[in-house]
Structure formats: C-alpha cells, structure tokens
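# Summary of structural features
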Amino acid sequence: MTDELILDMLSGSTDFISGERMCESLKISRTAVWKAINKLKSKGYQIDSVPHRGYRLVSSADILSRSELNTLCNTKMIGKQIVYFDSCGSTNDEARFGDAKGDAEGTVYITDFQSKGRGRLGRGWHEQEKKGIAMSILLHPMISPSQIMPVSLICGLSICKALKEITGLNCNVKWPNDVVINAKKIAGVLIEMSTSGEIVQYIIPGMGVNCNNSIFPEDIKDIATSVFLETGKSVSRKALVCGILENFEKYYFGWIEETQETTDHAIDENQIPSYLKEYKSLCINLGNEVIVHQRDMTFYGITKDITQEGELVILLANGEEKIILSGEVSVRGIYGYV
C-alpha cells in the first residue's frame, strides 16, 4: 500500500514533494519511499526526481488503482471505496471476502490481471494483463431474490452506454447482459448473490470488458472482440471504468427508487422502469428469432418483449408465449454461438 499512498500524495500536488515530507507523513523510511517510487515507475508512471526538491508526478499510467480512479469518477456511492489488486484470482471472490469483513455497499474491487475469472454457465473469462477491465461491485439492496434480474440488465446497459460515450462504438446488449458489436462479444457480466430466506444479503456483479486486447485464443477469436480491434486505437481503461460506474449508479439508484415506489403502491403495468426503456432500445433480442437452451430443452421463437422483472417474452411458432428467466439465448443469424 505504500506506493498507493505515495501516489495519492503525488497526484494531489503539481509541485515537488520532498522525500523527507513523505517519510514524516507516512511514517516510513527513506528506503521505503525509494522502493515505492521505483515500483510506480515500473508500472509506467513518469516521476521526476530532483535532488533537494523531491519527486513530482509528470504523467500517469493506465493503472486501475484507487488513486487513479478516485480523481476521475464522479459518483456518490458506487466506487467511492475502491480495493485495487495488481493481480488476483477473481474480483467476485474478493468482493465476497470484502462483504464478510464488513465493506460498505458500493465498494468496487478491481484488478489489472484476473487469473481465475468466471463467465456465465461455468465458462472461463479470458484475461490479458493490463489490457481489459475486471471489476466487481458489492451491493446490498433491500429486495427479495425474485427481484434481482434488473441488476443484470442494468450492468449490460451501463457497459454499453459507457462504451458509446468513451469510444463512440455502437454496441448492443444481448439478453441478459452480454455486450456485443459486429456479432462479437466485447463485454460480459457474472452476477452472484447470497440470500437468507426471502432476503438478499448481497449481490455482486462482476464485469469484464475487452479494451486493448489485440489477440484472443484460437477457440474464441471468431466470437470475441475488443475496443482496440474495433477502432484501431487504445482506450483509457480508467476513463471507461468511470463511465461504467457512473452509468451504473444512475440506473441502479433509479431502479431502486422505482422498485420502492411500486412496493408502496399498486404496480402500473403500462409504466415500465426508466432503465428498461433504454435497455430495450439496445437489446438485439427484440423482434428477432432466438434459440433458447434450458437444461435438456431447446426451442425456437421470436422475442416479443421484456417484462418489468427483466424476463424475456418469447413467441413460439404455435402462438404460445413463453416467459424466460434463465437459460442460454442466442440470436439466430446475428449472434452465432451458444
């Protein structure tokens, strides 16, 4: 943590800060300061060192640390507390550990390399060090387990909107939360939760975004893409993280407020949640033929609608409507993998 604390000091000043001042402020030795400065330089930070004057931060690296993100993100709760790892197994696991320690709602767990990232349905998530985004958010909404589906949709919508705002890419969401562009996946979400009876103890959305990846393994190269491959340019991962968190907070708070209102009053079936209007406008499932795989059953249909609870309404060939809450849904002819 010493390098994080020193980075905080350097980021908050435009002038040189002496090594002596760092030692006194942080209660550390000159050797510890020297080691921390060298560690920051090895990560890509450009730091001037001048005898008798000290150290000055010249330029930052594209590192997803607390110091970097706190100066950029404009949120009230989501991401106000950030736990950063150079590397870790899974940010979702770190969020679970954080919840057990009593971390606050909205804490974000983020890493520059995730070695054991998980995708939906038990799949792995391919990761390249310092090329993508891997982060998880700890949430404590006062809802029942049956109400959590919108959180999944909000994650996909937030990533999609941030990609558009930061990079200009026109992405779409494939229900429930895959983000796709040109028939390839650029981001995904894994939602994990803990419940006690009819009470949600926590929800942890884990988000993975392919940012500056230039290559993918052979088995996914035809179905995965990145910002770099789509634009030919590298994107600031810090800016994209902040865009995702800011969008997520807006939609999440709005949904929580609307959920509380419908709890206190009768539900108006004709008034859909505000986030869902935007989600529908970006969802490639709607109006298209889909293939749905549920355990031992596979069927085809046309996606007719998405309910207020976040479920898919599928119109079957025989005219029957089927409500889908879970399963693997592929959009035929647009999104070609299960």
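You'll find the structure just up there.
Attention in this report is confined to the structure presented alongside it. (Residues numbered from 1 in each chain as written. Predicted model: local features only at pLDDT ≥ 70, side-chain atom pairs only at ≥ 80, totals over all residues. Heavy atoms only, no water.)

### Some thoughts on the overall build of the chain
Rules: Secondary structure elements follow DSSP: runs of H or I of four or more residues count as helices, runs of E of two or more count as strands, with numbering from the N terminus. Radius of gyration here is computed from C-alpha atoms only, and the compact-globule reference equals 2.2 Å multiplied by the residue count raised to the power 0.38. Summary of the burial criterion: residues with accessible area below 20% of their type's maximum are buried, those above 50% are exposed, and those between are partly exposed, where the area comes from a 1.4 Å probe applied to protein chains only. We call two residues in contact whenever any of their non-hydrogen atoms come within 4.5 Å of each other.
The helix and strand inventory of the chain stands at nine helices and 14 strands. Computed over the C-alpha atoms, the radius of gyration of the chain is 22 Å, within 12% of the 20 Å expected from 2.2 N^0.38 for a compact globule of 338 residues. When the backbone C-alpha atoms are referred to their principal axes, the chain occupies close to 80 × 50 × 30 Å. In the chain, which comprises 338 residues, the share counted as buried stands at 49%. Partitioning the contacts of the chain with sequence separation of at least 6, the portion at a separation of at least 24 is 65%.

### Quick word on empty space enclosed by the protein
Empty space among the atoms becomes visible once a probe the size of a water molecule is rolled across them. Applied cut-off: Here a cavity denotes grid points, spaced 1 Å and computed from the protein atoms alone, that fit a 1.4 Å probe unable to get out, and a pocket denotes an open set having protein on both sides within 12 Å along at least 5 of 7 lines; residues with an atom within 4 Å of a point are the lining. Grid points are joined across faces, edges and corners, and a volume is the space filled by probe spheres set on the points.
Tallied over the full model, the rule gives one cavity of 30 Å³ or more. Taken together, D3, E4, L7, L40, K43, Y45, I63, S65 and Y84 form the lining of the largest cavity. Element by element, the count of residues in the lining of the largest cavity is highest for helix 1 (residues 2-11), at three residues.

### Quick notes on the sheet that holds strand 10 (residues 289-294)
Worth spelling out the cut-off: Strands are treated as partners if at least two bridges between them are detected by DSSP. Helix axes are fitted to C-alpha atoms over the stretch in contact, other axes to C-alpha atoms as well, and angles between N-to-C directions run from 0 to 180 degrees.
The five strands lie next to each other as 13-12-11-10-14, forming an open sheet whose pairing is antiparallel. The strands lining the two open edges of the sheet, one partner per strand, are strand 13 (321-324) and strand 14 (328-331). Going across the sheet, the axis of each strand differs from the next one's by a mean of 40 degrees, ignoring polarity. In this sheet, strand 14 lies alongside strand 10 in antiparallel orientation, the contact comprising four bridges. From the neighbouring strand, I291 faces strand 14, where its bridge partner is S330.

### Brief notes about the pattern of salt bridges
Keep this limit in mind: One speaks of a salt bridge when a side-chain nitrogen belonging to Lys or Arg is within 4 Å of a carboxyl oxygen belonging to Asp or Glu.
Taken as a whole, this structure holds 15 salt bridges when the rule is applied. R66 serves as the salt-bridge partner of E4, at 3.5 Å between the closest nitrogen and oxygen. Taken together, the positions of E4 in helix 1 and R66 in helix 4 (residues 66-70) put the pair 62 residues apart, joining distant regions of the chain. For the pair shown, E4 and R66 are each scored as buried. Two residues, D93 and R96, come together in a salt bridge whose shortest N-O distance is 2.8 Å. Note that D93 and R96 are positioned in helix 5 (residues 91-101) at a spacing of three residues, about one turn of the helix.

### Some words on the state of the cysteines
Simply put, disulfide is the name for a covalent bond between the sulfur atoms of two cysteines. This is how the line gets drawn: When two cysteine sulfur atoms are found within 2.5 Å, that pair is recorded as a disulfide.
Overall, the coordinates contain one disulfide when judged by the stated rule. Linked covalently through their sulfurs, C73 and C242 form a disulfide whose S-S length is 2.3 Å. Because the sign of the S-S torsion sets the handedness, a value of about -85 degrees for the bond joining C73 and C242 places this disulfide among the left-handed ones. On the criterion of sequence distance, the pair formed by C73 in the loop between helix 4 and strand 3 (82-85) and C242 in helix 8 (residues 237-264) is long-range, its members being 169 residues apart. Owing to a relative accessible area of 12%, C73 belongs among the buried residues under this scheme. Its sulfur unpaired, C155 is 13 Å from the next cysteine sulfur, which belongs to C160. No disulfide involves C211; its nearest neighbouring cysteine sulfur is the one of C171, lying 11 Å away.

### Let's talk about the packing of aromatic side chains
This is how the line gets drawn: A pair of Phe, Tyr and Trp rings is counted when the ring centres sit within 6.5 Å of each other, with Trp represented by its six-membered ring. The angle between the planes then sorts it: under 30 degrees is stacked, over 60 is edge-to-face, the rest tilted. Any Lys NZ or Arg CZ that is within 6 Å of a ring centre and within 35 degrees of that ring's normal is treated as a charge sitting over the ring.
Scanning all chains against the criterion turns up three aromatic pairs. A ring pair is formed by F248 and Y252, whose centres lie 5.4 Å apart and whose planes are at 15 degrees; its orientation type is stacked. In this pair, F248 and Y252 both sit in helix 8, four residues apart, roughly one turn of the helix. Side by side, F248 and Y252 carry an identical accessibility label, which is buried. One aromatic cluster is present, built from ring pairs that chain together F248, Y252, F253 and W255. Sitting over the ring of F299, K322 keeps its end group 5.5 Å from the ring centre.

### Concerning the pairing of strand 4 (residues 108-111)
The test is simple: When the strands point away from the viewer, a crossover counts as right-handed if the path from the first strand over the helix to the second runs clockwise.
Residues of strand 4 alternate between two faces, with V108 and I110 on one and Y109 and T111 on the opposite face, all of them buried. Bridging between strand 3 and strand 4 involves four bridges; their strand directions are parallel. When the bridges of strand 4 are listed, I82 appears paired with V108. Handedness of the crossover is the feature at issue here: the chain leaves strand 3, passes through helix 5, returns alongside strand 4, and the resulting connection is right-handed.

### With respect to the sheet that holds strand 6 (residues 172-174)
If you trace the seven strands from one edge of the open sheet to the other, you get 3-4-5-9-8-7-6, paired in mixed fashion. Of all strands in the sheet, those bounded by a partner on one side alone are strand 3 and strand 6. Within the sheet, the average angular offset between the axes of one strand and its neighbour, ignoring direction, is 20 degrees. Pairing of strand 4 with strand 5 (residues 132-137) involves four bridges; the strand directions are antiparallel. Bridge assignment links Y109 to a residue of strand 5, and that residue is S136. The strands touched by helix 6 (residues 149-167) within the sheet are strand 6, strand 7 (178-181), strand 8 (184-196) and strand 9 (199-210), with strand 8 carrying the most contacts at an inclination of about 150 degrees.

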